[in-house]
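# Topology and contacts: notes
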Amino acid sequence: MASASSLILVTGGAGFIGSHTVDRLVADGHRVVVVDDLRTGKRANLAHHGALSFAAGSPVELVVADVSHGLFAPLAAVTAAHGPIARAIHLAAQVSVVHSLANPLVDVAVNYVGTVQVLEYARAAGVKKIAFASSAAVYGDTPVVPVVEDAPCRPLSPYGVDKLASELMLGAYAATHGVAATPLRFFNVYGPRQDPSSPYSGVISIFADRARAGKPLTIFGDGQQTRDFVYVGDVARAVVAAAMADGGDGTAMNIGTGRETTVRQLAELIVGLAGTGVAISHAPARAGEIVRSLAAVARVQATLGWQAEVALADGLARTLG
Ligand code: NAD
Ligand code: UD1
């Protein structure tokens, strides 16, 4: 286990999942270095931790930098003053499947090269463990439901390919350089601070935002496609458990609830909770849409002792505020 005072690096720590992960680490007594270029992340997501500088007494130091350009220069001053990075949580990424289809080179640069940059830093700096945000998108439209980690991976998007390539590189560094690593394949994460403002945003953030504002919800396709929606607080708990556990040879673990919800059921739940009586309409299905997505969760339960605790209705109520 890491001592409570050791430095933990969180790339993408100013984002949605990252800021909840930082909250959990700080609650556990850690000092956290966030590297984030703020392309989608916000200082406001971390503002409750003060000035975001160790020198000013905050438990969080924010370093604004692009991970794909390397971590040695951005981390030099903070590690010289406060000691080495003990463990790393790599969340920084371009997160949209749809965006990656239109901009594959951006995805490779941020999501694949960014991971290799984190690994190169970890190798040189003696980081003990890396927890990595992979994705259910590595599976593609698999016929295996619920999907086990050993199912064939046939990603349908550059995003899924770059996450899978990152997982393989983590495994190679573990085998060759002894950098312990655990990739976590997140299913559909939702909760407070998820940004609804882009057309690529997560469906729950969009539906919650529109239902609160009294605007109609649009379902792409017939709404019978399913997702495994997992609450961000549960995900942050899994990420921290993976980062703090010693060992890890690059074997990936699903992070989901093991429960499947159709997009239609989701829309109806949100309309009911918001109480604004908004309409639900339909638009054509997205190209390359995955029809069923459901996690098998036995591996993470057996390895990290983790399971999701927040039921969808409770998590949606917290998200709607
Ligand atoms: P987010 O956009 O809120 O967080 C990503 C963070 O990374 C942002 O703060 C952004 O500014 C930062 N970032 C992006 N590119 C960067 C770069 N080159 N250098 C430094 N910082 C950079 O999204 P999120 O939903 O919190 O996603 C976090 C991680 O979880 C990502 O790796 C994403 O692929 C993964 N993931 C998310 C979901 C989901 O449902 N939200 C599902 C599967 C996997
Ligand atoms: C999401 C994540 C991705 C992650 C993957 C893992 C986001 C933005 N993307 O992709 O990072 O790797 O899960 O499983 O969080 N939909 C509507 N109406 C809308 C918006 C979406 O019907 O207004 C539907 C979509 O067609 C889809 C479902 O909702 O069927 C979920 O879409 P979305 O939230 O964009 O996530 P994924 O594509 O599953």
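Before reading on, note that the structure itself is shown above.
Here's what I pulled together on the structure shown here. (Residues numbered from 1 in each chain as written. Chains lettered and ligands numbered in written order. Predicted model: local features only at pLDDT ≥ 70, side-chain atom pairs only at ≥ 80, totals over all residues. Heavy atoms only, no water.)

Here we come to the site of ligand 1. In the neighbourhood of ligand 1, 28 residues make up the surrounding shell, with Asp36, Thr40, Asp66, Leu91 and Tyr159 lying closest. Between ligand 1 and Phe16 there is a distance of 2.8 Å, counted from an oxygen atom to a backbone nitrogen or oxygen. Surface burial for ligand 1 is 93%, taken as the share of its 820 Å² of free accessible area covered by protein chains. Elements represented by at least two residues in the shell around ligand 1 include exactly α1 (16-27), β5 (129-135), α5 (158-177) and β7 (188-190). Top contributing element to the shell around ligand 1 by residue count: β5, with three residues. Here the residues of the shell around ligand 1 are counted per class, giving 16 nonpolar, seven polar and five charged. (Near = heavy atom within 4 Å. Polar contact = N/O pair within 3.5 Å; in protein donor to acceptor, adjacent residues only side chain to side chain. Areas by Shrake-Rupley, 256 points an atom, 1.4 Å probe, with all protein chains shown as cover. Helix = DSSP H or I, 4+ residues; strand = E, 2+ residues; numbered from the N terminus. Nonpolar A, V, L, I, M, F, W, Y, C, P; charged D, E, K, R; others polar.)

This part takes up the environment of Leu7. Structurally, the position occupied by Leu7 is in strand β1 (residues 7-11). A sequence separation of 52 residues divides Leu7 from Pro59, and the C-alpha atoms of the two residues are 9.8 Å apart. When residues no more than four places from it in sequence are discounted, the contact partners of Leu7 are Arg31, Val33, Phe54, His82, Gly83, Pro84, Ile85, Ala86 and Arg87. (Contact = heavy atoms within 4.5 Å.)

We now examine unusual backbone geometry. Residue Pro146 is bonded to the preceding Val145 through a cis peptide linkage, with omega at -5°. Positionally, Pro146 belongs in the loop between β5 and α5. Phi is positive for Leu38, which is not a glycine, with a value near 60°. Its place among the elements puts Leu38 in the loop between β2 (31-35) and β3 (60-63).

Right, let's talk about the nonpolar core for a bit. Core analysis: the largest hydrophobic core is formed by 60 residues, its most contacted members being Ile89 and Phe186. Counting 26 residues, the second largest nonpolar core, distinct from the first, contains Tyr121, Leu170, Tyr173 and Ala181. (Core = buried A, V, L, I, M, F, W, Y, C linked by side-chain atoms within 4.5 Å. Buried < 20%, exposed > 50% of the residue type's maximum accessible area, 1.4 Å probe, protein only.)

All right, on to helix α4 (residues 104-125) then. Between its first and last C-alpha atoms α4 spans 30 Å; for 22 residues at 1.5 Å apiece the expected length is 32 Å, and the two agree. Along its length, α4 reaches its greatest deviation from straightness, about 30°, at Val113. Of the surrounding secondary structure, the elements contacted by the buried residues of α4 are β1, α2 (72-82), β4 (85-90), α3 (97-102), β5 and α5. Gly126, located one to two residues past α4, shows a positive phi value of around 70°. (Expected span 1.5 Å × (residues − 1). Bend = angle between axes of the 7 residues up to and from the residue.)

Let's shift gears to the packing of aromatic side chains. Under the criterion given, the structure shown has three aromatic pairs. Both rings, one in Phe72 and one in Tyr121, keep their centres 5.1 Å apart while their planes meet at 55°; by these two values the pair is tilted. With Phe72 in helix α2 and Tyr121 in helix α4, the pair connects residues that are 49 residues apart, well separated along the chain. Where Tyr139 meets Phe187, the ring centres are 6.5 Å apart and the plane angle is 40°; that geometry is what we call tilted. Of this pair, Tyr139 sits in the loop between β5 and α5 while Phe187 sits in the loop between β6 (180-186) and β7; the two residues are 48 residues apart in sequence, bridging distant segments of the chain. Accessibility assignment for this pair places Tyr139 and Phe187 in one class, buried. Seen from the ring of Phe54, Arg31 lies directly overhead, with NZ or CZ sitting 5.4 Å from the centre. The ring of Tyr231 carries the charged tip of Arg318 above its face, separated from the ring centre by 5.1 Å. (Phe/Tyr/Trp six-rings, centres within 6.5 Å; stacked < 30°, edge-to-face > 60°. Lys NZ or Arg CZ within 6 Å of the ring centre and 35° of its normal.)

Surveying the vicinity of ligand 2 reveals 21 residues, the closest of which are Val95, Ser135, Val203, Arg227 and Glu289. A distance of 2.9 Å separates an oxygen atom of ligand 2 from a polar atom in the backbone of Phe220. Computed on the free molecule, ligand 2 has an accessible area of 740 Å², of which 89% lies beneath the protein chains in the complex. Mapped by element, the contributors of at least two residues to the shell around ligand 2 are α6 (203-212) and β8 (217-220). When grouped by side-chain class, the residues that make up the shell around ligand 2 number 12 nonpolar, six polar and three charged.

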